[in-house]
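Below, each chain spelled out in residue letters.
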Amino acid sequence: MMAFLRRFSLFALLVASLLGSALGQTYSQDDIISGKALQDMGKKAYDTALKRIEDSGSSNCTKDTVHVRKEWRNIPGPERIEFVKAIECLMEQPNVYPNVTGPKSMFDSFGVLHYKLTPYVHNSAYFLLFHRYYIWTYEQKLRDLCGYTGAFPYWEWGLDAEDVEKSPIFDGSETSMGSNGAKVNGTGGGFPGLGGGTGGGCVTTGPFVNYTVNFGPNTEPDPLAPNPRCLKRDLNTFLCATYASIKNTTETMLESPDIELFQANIQGDFRYPEARKWSMAVHGGGHFTIAGDPGGDFHFSPLEPVFYLHHGQIDRMYFIWQNLDFENRQTMAGTITMMDQPPSRNGTLDDILDISPVGTPIAYRELLDTVSGEPFCFVYE
C-alpha cells in the first residue's frame, strides 16, 4: 500500500510539473510548498490583468480606479477595523426579502439569497461565476450603504495552516474578525468523520462577539423562521493543513487544464477521478476550518462573516487560474443543478444570473473578466 501511495504521489508531481511546463512555468516541490510558486503565479495574473486594462482603453476601469483586493494580514489595522464596522453597519440595514420572518438585515438578505440558490450554484456550471458576483455585490453594499473605502480582503488559508487560532483573522483582537468559539467537548467539527476543532461554542472575544445569527440552520422545519442565537466557531488547524494548504492551493491550479476540471478540483467533485484525491478540497477545507454555526451549514454559511474572505480566496484562485491563460479560459462547463440532480441541461454563458432583490440580474458572460469595467474593476495582489 505504501509503495502504491509513493508511486501515486510521484505521478501527481509529474502531472503538476507537465501542466506547469505547458503554460511556460515549472515549479519545484520546494517552491510549491513554500508559496514561492503561488506568489509567482499571482504576480503573472496581476500583471496580465493590468495589461488588459491598459490595452482596452476603457474609461470604466483604469489603473487609477481598479480596486486591489488584499490578504487580510496585508491590510493595515485601522482599515480592518473599518471593514468590520461596515459589516456591522450592513447588519443594521433593512432586509430586502418580503414574507420572511427570520431575516432582519441586508446582511441577512445575503444569507437568504444563498439559501435559495444553493441547489443550483454548487457543483454546477455556475459555481465560480455566481460566487464572484455574489461577493462583489456584498462588497458594493459595504461601500454604497456603509461607506467602506478600503480594500476588500481575502483569506489565504495556507498561511494559517500551522495554527488557525493564532491567525490575525481569528486571534480575537480588535483588528480581527473575532475569536474561536468557546471549547465544547465532542463538537464534531461540522464534517462527519473528521472530528471536532478546538472550539464549538460562542465566539468569546473581539468583533462579532455580540452578533446575533437570526435564522437557520437548514435542518429547521422552517429555516427562514426566527431562531436567534450566538455565532459559533470550531476552528480546526488539522483540516486547514490537510485540505487548504498553500501546496493544495497551488497544485489545484496547476493540475487543472480546463474549467471543468478546475471547478471539480476546487470543490473535490467525486464524479471526476482526478478530483477525488482532494477529498473536500480547498473549498470545503476552508469552510470547515471555520465550521461551527452557521459556518458549517452548507446553505447558511454566508451568515458567518468570514465566509466572504474565504470565498474571496476561492475567487482569487479563479482569477489567477484564468489569467495564466486568459484567452483560453473564458468558458463554462457543467449542468445547472448540483451534481446534475435532478438531471438538467448544460449551463451557458448567456444564461442570466438573477440575484434580485439583493442585486441586479446579469448574464454570466459579463462576469468572466474582473477588469472589464462592466461591472467589475478589481484585481488580486
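1. Quick word on helix H3 (residues 36–56)
- Here H3 spans 30 Å end to end across 21 residues, near enough to the 30 Å set by a 1.5 Å rise per residue.
- By the burial criterion, the buried members of H3 are Ala37, Leu38, Met41, Gly42, Ala45, Ala49, Leu50, Arg52 and Ile53.
- Packing partners of the buried residues in H3 comprise helix H2 (29–34), helix H8 (246–254), helix H11 (307–323) and strand S9 (378–380).

2. Considerations on the packing of aromatic side chains
- Summed over all chains, the structure comprises 29 aromatic pairs.
- Here the aromatic rings of Phe262 and Trp321 are separated by 4.7 Å at their centres, their planes lie at 5°, and the arrangement is stacked. Note that Phe262 is positioned in helix H9 (residues 259–267) and Trp321 in helix H11, a separation of 59 residues in sequence. Across the pair, Trp321 and Phe262 agree in class, each one buried.
- On the basis of an interplanar angle of 55° and a centroid distance of 5.5 Å, the ring pair of Phe319 and Tyr380 is categorised as tilted. A residue pair is termed long-range when its members are at least 10 positions apart, and Phe319 in helix H11 and Tyr380 in strand S9 qualify at 61 residues. The exposure classification of Phe319 matches that of Tyr380, with both residues buried.
- A cation over a ring is seen here: Arg52 above Phe326, with NZ or CZ 3.5 Å from the ring centre.
- Sitting over the face of the ring of Phe378, Arg69 holds its NZ or CZ atom 3.8 Å from the ring centroid.

3. Description of the sheet that holds strand S1 (residues 67–71)
- Judged by pairing direction, the sheet is parallel, and its three strands sit side by side in the order S2-S1-S9 without closing on themselves. Bordering the open sheet on either side are strand S2 (153–154) and S9, each of which pairs with just one other strand.
- Direction of pairing for S1 relative to S2: parallel, over a ladder of two bridges. Each bridged residue has a counterpart across the sheet, and for Lys70 the counterpart in S2 is Pro153.

4. Digging into the packing of helix H10 (residues 281–290) against H11
- Taken N-terminus to C-terminus, the directions of H10 and H11 make an angle of 165°; their axes are 10 Å apart at the nearest point. Between H10 and H11, the crossing angle belongs to the class labelled roughly antiparallel. Of the two elements, H10 crosses H11, and the hand of that crossing is right-handed. Every residue of H11 that contacts H10 at Val282, His283, Gly286 and His287 is listed here: Phe307, His310, His311, Ile314 and Met317.

5. With respect to the state of the cysteines
- Scanning all chains against the criterion turns up three disulfides.
- A sulfur-sulfur separation of 2.1 Å characterises the disulfide bridge that pairs Cys61 with Cys377. Classification of the bridge connecting Cys61 and Cys377 rests on its S-S torsion, roughly 80°, and on that basis the disulfide is right-handed. On the criterion of sequence distance, the pair formed by Cys61 in the loop between H3 and S1 and Cys377 in the loop between strand S8 (362–363) and S9 is long-range, its members being 316 residues apart. Each member of the pair, Cys61 together with Cys377, is buried.
- Each disulfide pairs two cysteine sulfurs, and for Cys89 the partner residue is Cys146, the sulfurs being separated by 2.1 Å. Taking the sign of the torsion about the S-S bond as the criterion, the disulfide between Cys89 and Cys146, at about -80°, is left-handed. Here Cys146 lies in helix H6 (residues 127–146) and Cys89 lies in helix H4 (residues 77–90), a separation of 57 residues in the sequence.
- A relative accessible area of 21% places Cys89 in the partly exposed class.
- You can call Cys146 buried: its relative accessible area is 19%.
- When the bonded cysteines of the chain are numbered from the N-terminus onward, they pair as 1-6, 2-3, 4-5.

What counts and what doesn't
Residues numbered from 1 in each chain as written. Predicted model: local features only at pLDDT ≥ 70, side-chain atom pairs only at ≥ 80, totals over all residues. Heavy atoms only, no water. Helix = DSSP H or I, 4+ residues; strand = E, 2+ residues; numbered from the N terminus. Expected span 1.5 Å × (residues − 1). Buried < 20%, exposed > 50% of the residue type's maximum accessible area, 1.4 Å probe, protein only. Contact = heavy atoms within 4.5 Å. Phe/Tyr/Trp six-rings, centres within 6.5 Å; stacked < 30°, edge-to-face > 60°. Lys NZ or Arg CZ within 6 Å of the ring centre and 35° of its normal. Pairing = 2+ DSSP bridges. Axes fitted to C-alpha atoms, helices over the stretch in contact; angles between N-to-C directions. Parallel < 35°, antiparallel > 145°, perpendicular 65-115°, else oblique. Left-handed = near helix turned anticlockwise from the far one by under 90°. Disulfide = S-S within 2.5 Å.

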